[in-house]
Amino acid sequence: MATPRLVIVHRRTELAELLDRHATLGQAEFFLRTRGRTLVAVQARHELLGAALATIRAAAPPDWRRAAVERADLGRFLFTAEDVIAVVGQDGLVANVAKYLTGQPVIGIDPEPGMNPGVLVRHTTADAARLLQNAAPDGDRIALRCRELAMVTARLDDGQELSGLNEIFIGHPSHQSARYQLTTPDGRTERHSSSGLIVSTGTGATGWCASIALERGGRPLPDPTDPRLAWFVREAWPSPITGTSLTEGVLEANEPLRLTVASDQLVVFGDGMEQDRLTASWGQEVSIQLGVRPLRLA
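Residues numbered from 1 in each chain as written. Predicted model: local features only at pLDDT ≥ 70, side-chain atom pairs only at ≥ 80, totals over all residues. Heavy atoms only, no water.

A. Main features of helix α4 (residues 91-98). Across the eight residues of α4, seven count as buried, placing the element largely inside the fold. The elements touched by buried residues of α4 are β1 (5-10), β3 (83-88), β4 (105-109) and β20 (295-297). (Buried < 20%, exposed > 50% of the residue type's maximum accessible area, 1.4 Å probe, protein only. Helix = DSSP H or I, 4+ residues; strand = E, 2+ residues; numbered from the N terminus. Contact = heavy atoms within 4.5 Å.)

B. Molecular detail of the pattern of salt bridges. Enumeration over the complete set of coordinates arrives at 15 salt bridges. Note that R12 is salt-bridged to E70, the shortest N-O span being 3.7 Å. Here E70 lies in strand β2 (residues 65-70) and R12 lies in the loop between β1 and α1 (14-22), a separation of 58 residues in the sequence. Given a relative accessible area of 34%, R12 falls into the partly exposed group. Among the salt bridges present, the one from R45 reaches E112, with a minimum N-O distance of 2.8 Å. (Salt bridge = Lys/Arg side-chain N within 4 Å of Asp/Glu carboxyl O.)

C. Expanded view of the side chain of D91. Here D91 is to be found in helix α4. Buried charged residue D91 carries no salt bridge. Nearest counter-charge: R122, at 8.3 Å. Polar side-chain contacts of D91 include one of 2.5 Å to the backbone nitrogen of L120. Within the local environment of D91, its side chain forms a polar contact with the backbone nitrogen of V121, the two atoms lying 3.0 Å apart. Leave out the neighbours within four places in its chain, and D91 touches N116, P117, G118, V119, L120 and V121. (Lys, Arg positive; Asp, Glu negative; His and termini not counted. Polar contact = N/O pair within 3.5 Å; in protein donor to acceptor, adjacent residues only side chain to side chain.)

D. Just the nonpolar core, in detail. Among the nonpolar cores identified, the biggest contains 26 residues, and I170, L197, V199 and L259 are the most heavily contacted of them. Other than its neighbours up to four places away in sequence, I170 contacts G196, L197, L259, L266, V267, V268, V286 and I288. Listed in part, the 22 residues of the second largest apolar core include V7, A98, L120 and L297. (Core = buried A, V, L, I, M, F, W, Y, C linked by side-chain atoms within 4.5 Å.)

E. Region of interest: the packing of aromatic side chains. Tallied over the full model, the rule gives two aromatic pairs. Measuring from ring centre to ring centre gives 4.9 Å for F77 and F79, while their planes differ by 65°; the resulting arrangement is edge-to-face. Taking relative accessible area as the criterion, F77 reaches 21% and is therefore assigned partly exposed. Measuring from centroid to centroid gives 5.3 Å for F169 and F269, while their planes differ by 45°, and the two rings are tilted. Residue F169 is located in strand β10 (residues 167-171), and its partner F269 is located in strand β17 (residues 265-270); the two are separated by 100 residues in the primary sequence. With respect to class, F169 is no different from F269; both count as buried. (Phe/Tyr/Trp six-rings, centres within 6.5 Å; stacked < 30°, edge-to-face > 60°.)

F. Up close: the sheet that holds strand β15 (residues 248-252). Strand order across the open sheet formed by six strands is β15-β14-β13-β10-β17-β18, with antiparallel pairing between neighbours. In this open sheet, the two strands that pair with only one neighbour each are β15 and β18 (277-281). In this sheet, neighbouring strand axes are inclined to one another by 20° on average, regardless of whether the strands run parallel or antiparallel. With four bridges connecting them, strand β13 (residues 197-200) and strand β14 (residues 228-233) associate as antiparallel partners. Looking across to β14, one finds that I198 is bridged to F232. (Pairing = 2+ DSSP bridges. Axes fitted to C-alpha atoms, helices over the stretch in contact; angles between N-to-C directions.)

Written out as structure tokens, the structure reads:
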């Protein structure tokens, strides 16, 4: 295999963003004081992340290549087959990077244990450093013990597609009523006017999807490694031409849920990254189903 590359993914810290806006520490501190906060906690979190990044960077075997990418630049970064991805930050950052991968192993690292749920960033900095130090090539990949987490993929009839680790949302770009016709895998159809459609994996079943399921009586949801998806229509509106009978269900592997757009346009995005989205216009069909490439999470 080609020389492995460690790719470290992180977000800009609050302190870095404050300095971008206010130029100096003094001005940033004054701004925080006007909102009842101090610079101490912000600076401490900045230093924790910096220390974690330095530790992970140094832990890679000496012959590995190294690269780093911030969350805002993920859509422009070119991942390669020989990459090992170290995500340093919150659980949601793992979901943000998952859609751009094609089977590369991911190590989720929590630089602030106790501040994050740790569902996806499951390793401390020290544990992740040991994983990297012991990593070795295995054929054309690096040998890391990984769980395979289900992904969800939306595909437009013009060939464009987009994936998510937690969920795919389809709705109106300004959150007005979304109009479309829904077709279930067993062939049932219904026209809807709603606040949008959510199709969730088992990983997403602990987030946005969980609140919807709870409101509807707490129906069982998939586990993260289950090859199934749960779907929900939000706030379906009954009218002479729109119904409310097809508003939730489960998709097994190879079962697509189809949506035909009946609005000027609807947007499709995954894991809350609305800026990285597809746009479907009147009459286009969107097919949503289990992704073919799961996320490999160490």
